[in-house]
Amino acid sequence: MSFMEDDPIDAQLDKQRRVQLSSRQAAVKRNREVVSHIIEVCCLLARLGMPFRGHDESQDSTNKGLFRELVDHQARSGDMVLKNHLQNAAANCNYLSHEIQNEMIETIGSAIHEEVVRRIRHATVYSVMMDETTDNSTQEQVVIAVRYVYEGQIEERFFDCFATIDTTGEALADHLINSLQSDELSLQQAVSQSYDGASNMSGAYRGVQARIKNQFPHVKYVYCYALNLNRLLVNMCHGVQIARDFFGLVEQMYATIEGNAQRHHTFTTYQRQHRPHATPRKLAGLSDTRWNCRAASLSVLMEPGILQSAVETLESIAASASDGKARAAALGLVRCIDFKFILPLVVFGDIFQRMDVVSTALQGKKIDLMRALELIESLIEAMSGKRTDETWRKYVREAEALADDVGVDSTLLPQRRRRVSVRIDDNPGNENHQTPLQRLKTDFFFPVLDHICGDLRQRFPHEVFENFSALLPRIMIDNAQVAKRRFSTLASDCEVLGVQPQAAAAEYEIFMRDLALHFPNFVDCAATPHEIYCWVMRNGQAYPNVELLYKLLLTIPVTSATAERSFSKLALIKTKCRSTMSGDRLRSLLNAACERDIAKGLDSEQLVDEFAMAAERRMDLIL
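The paragraphs below set out a description of the structure included in this document.

Topic: a nonpolar patch on the surface
And then number 1: A surface patch of nonpolar side chains, about 300 Å² in accessible area, is lined by L44, L48, M50 and L66.
And then number 2: Mapped onto the elements of the fold, L48 is located in helix 2 (residues 9-48).
And then number 3: Judged by its relative accessible area of 44%, L48 falls in the partly exposed class.

This is how it looks when you write it as structure tokens:
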């Protein structure tokens, strides 16, 4: 009669079902822990831009690659989840194959990209930056970056990367539009676009910026300020003969000394003699495309003992080198390093150091347009202020001191006077005789400063974004009527982006008074647009249109430096040993390497869910 004492059959079935369910829940939990730990390894390597695979990933291999080695290391270091998995998992279900690695990498990259898209939608408006480069596999890679304001903070993020054969303005513009549309983003919400000076990007008729403006006239174009400043320096160096000759000598000095390991060793040996407590330096080369590289090159030469070490190295090469061309080049350089070389070195070293400060500031991710224009205006004033006889005499004194340290005679030989034809002027007393230093001042120093100041005013006109100055405290205080007029025009121009001009004008009048009464440092004109924007956000929705206009100002990029920075990550990821990488894997790795903060904050449980739903899995990962 024991069957009479057993539970009813339905109760027994229900109990068995609960046991099976509990067992399945435990298996799913265990499987998810395993996959979560493996994804964390992938995320770490992706964030650091490190390679995953080795030459041979078999169990007994000594070259498994970082991914397999890290998994094994964690298992040996106390990670019991991975240890049990590696001991008990079937060979076809260990989730360590290169196919699984790719799927996990794409899961991580997609999660980062979706977070960036979510932030763009939250911001409602954004700007785009785009640039192109050739990678290690000789493919043309195009990078798209975005700028927006998220929760009061300015952010510039990597958005997309693709390979292309057609680099015409039409093709690149289509790629840009399609990339945004694939995430349901439209350039209708874009504030501005920023590219470099290449004709296919910045061309006035067929460039990307022109084609975008034809379809979306409200999208303003910003020529990369950092690149523009660099082009100014390049043009100045090519346009002033003494500057052109000087930088030619600097480049030749770099090629002669640093072009050979033995010569570089000689250079460092002399540095240790003249600078026993300093780390030996390497001369920096010049390039027309590297932003303000001339400042870096001259800063090395200006350090105490460096120029003297370089001269002694050239003398050693000229005396003992076995290569006839190197001896001839070194001998020529030694003869050319005289006071007419040292004086431009001192002048350019000081000028370029100040321009490098501005160039570095312009490349910051959080700099706004008005601040950039203020920096350019300050640079113009600084350069104009140097165009004095007193500044010239100061440079001459510094050059004489440097020449004494190097052992160079600071006396300039007078040039032979050219006789003026009597047909031009028959009175010899009218001839203007200049000393060599005076000739250098009029033929070199003043033309360099005039070229820089004139080019700065021409390349960075304030009129293009003049109406945004209505958002600056200085304009509100100095001339309220001008500020109101500019603000009215600005609000009308931005109507397509959601600004209501009439309501904005009413808000602005009250906003100026409220700002003067309650915002710190307003009277001193020390408040930045970003600080004012955050203050408006904290004070509720009293000025929605004014708040939007400040957001538009902060959204406009100053440079395309973020796209350039992505190229640095591209070079670290797609190396010569990984040159076949392309497509989704490359894009996902770039996402993780460029946006480390987002990658580090990803939810591992959500990543496991997305990985599980991407394809059918041998391991049970979802209940």
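Side note on the nonpolar core
And then number 1: If you look at the biggest cluster of nonpolar residues, it comprises 114 residues, and the most contacted ones within it are M253, F348, I351, F352, L362 and F511.
And then number 2: Sorting elements by how many residues they give to this core places helix 15 (residues 339-362) first, with 13 residues.
And then number 3: Apart from the residues within four sequence positions on either side, F348 is in contact with M236, A243, F246, F247, L298, Q353, F444 and V448.
And then number 4: Listed in part, the 74 residues of the second largest apolar core include I108, I112, L180 and A599.

A word on the environment of L412
And then number 1: Structurally, L412 can be placed in the loop between helix 17 (389-406) and helix 18 (436-459).
And then number 2: Residues L412 and C43, 369 residues apart in the sequence, show an inter-C-alpha distance of 63 Å.
And then number 3: Excluding anything up to four places from it in sequence, L412 contacts F339, K340, P436, L437 and L440.

What to know about the pairing of strand 1 (residues 126-134)
And then number 1: Within strand 1, seven of the nine residues are buried, which leaves it mostly tucked inside the rest of the structure.
And then number 2: Sheet topology places strand 1 next to strand 4 (residues 190-195); three bridges connect them, and they run parallel. For V128, the partnering residue across the bridge sits in strand 4 and is Q193.
And then number 3: Sheet analysis places strand 1 next to strand 2 (residues 140-150), joined by eight bridges and oriented antiparallel. Within strand 2, the position partnered with M129 by the bridge is A145.
And then number 4: Between strand 1 and strand 2, which pair antiparallel one after the other, the connecting turn spans five residues, and T138 there sits at a positive phi close to 60°.

Topic: the pattern of salt bridges
And then number 1: Taken as a whole and assessed by the stated rule, the structure comprises 26 salt bridges.
And then number 2: With its nearest N and O atoms 2.8 Å apart, the salt bridge here joins R118 to E115. Note that R118 and E115 are positioned in helix 5 (residues 98-123) at a spacing of three residues, about one turn of the helix.
And then number 3: By relative accessible area, R118 is classed as partly exposed at 39%.
And then number 4: Across the pair D597 and R157 runs a salt bridge, and its minimum N-O distance is 2.8 Å. Here D597 is found in helix 26 (residues 596-600), whereas its partner R157 is found in strand 3 (residues 153-164), with 440 residues between them in sequence.

Focus: helix 17
Helical geometry note: an α-helix holds 3.6 residues per turn, so side chains three or four residues apart project in the same direction.
And then number 1: With 18 residues, helix 17 extends 26 Å from end C-alpha to end C-alpha; this agrees with the ideal 26 Å at 1.5 Å per step.
And then number 2: Residues T391, W392, Y395, V396, A399, L402, A403 and V406 constitute the buried set of helix 17. Buried residues along helix 17 cover an arc of 140° about the axis, so they all sit on one side. Exposed and oriented more than 90 degrees from the buried face of helix 17 are E390, R397, D404 and D405.
And then number 3: In this structure, the buried residues of helix 17 make contact with helix 13 (306-320), helix 15, helix 16 (369-385) and helix 18.

Parameters at a glance
- Residues numbered from 1 in each chain as written.
- Predicted model: local features only at pLDDT ≥ 70, side-chain atom pairs only at ≥ 80, totals over all residues.
- Heavy atoms only, no water.
- Patch = residues over 30% accessible without salt bridge, like charges linked within 9 Å, V, L, I, M, F, W, Y side chains within 5 Å.
- Areas by Shrake-Rupley, 256 points an atom, 1.4 Å probe, with all protein chains shown as cover.
- Salt bridge = Lys/Arg side-chain N within 4 Å of Asp/Glu carboxyl O.
- Helix = DSSP H or I, 4+ residues; strand = E, 2+ residues; numbered from the N terminus.
- Buried < 20%, exposed > 50% of the residue type's maximum accessible area, 1.4 Å probe, protein only.
- Core = buried A, V, L, I, M, F, W, Y, C linked by side-chain atoms within 4.5 Å.
- Contact = heavy atoms within 4.5 Å.
- Pairing = 2+ DSSP bridges.
- Expected span 1.5 Å × (residues − 1).
- Arc of directions from axis to C-beta.

The analysis is restricted to geometry; functional conclusions fall outside its scope.
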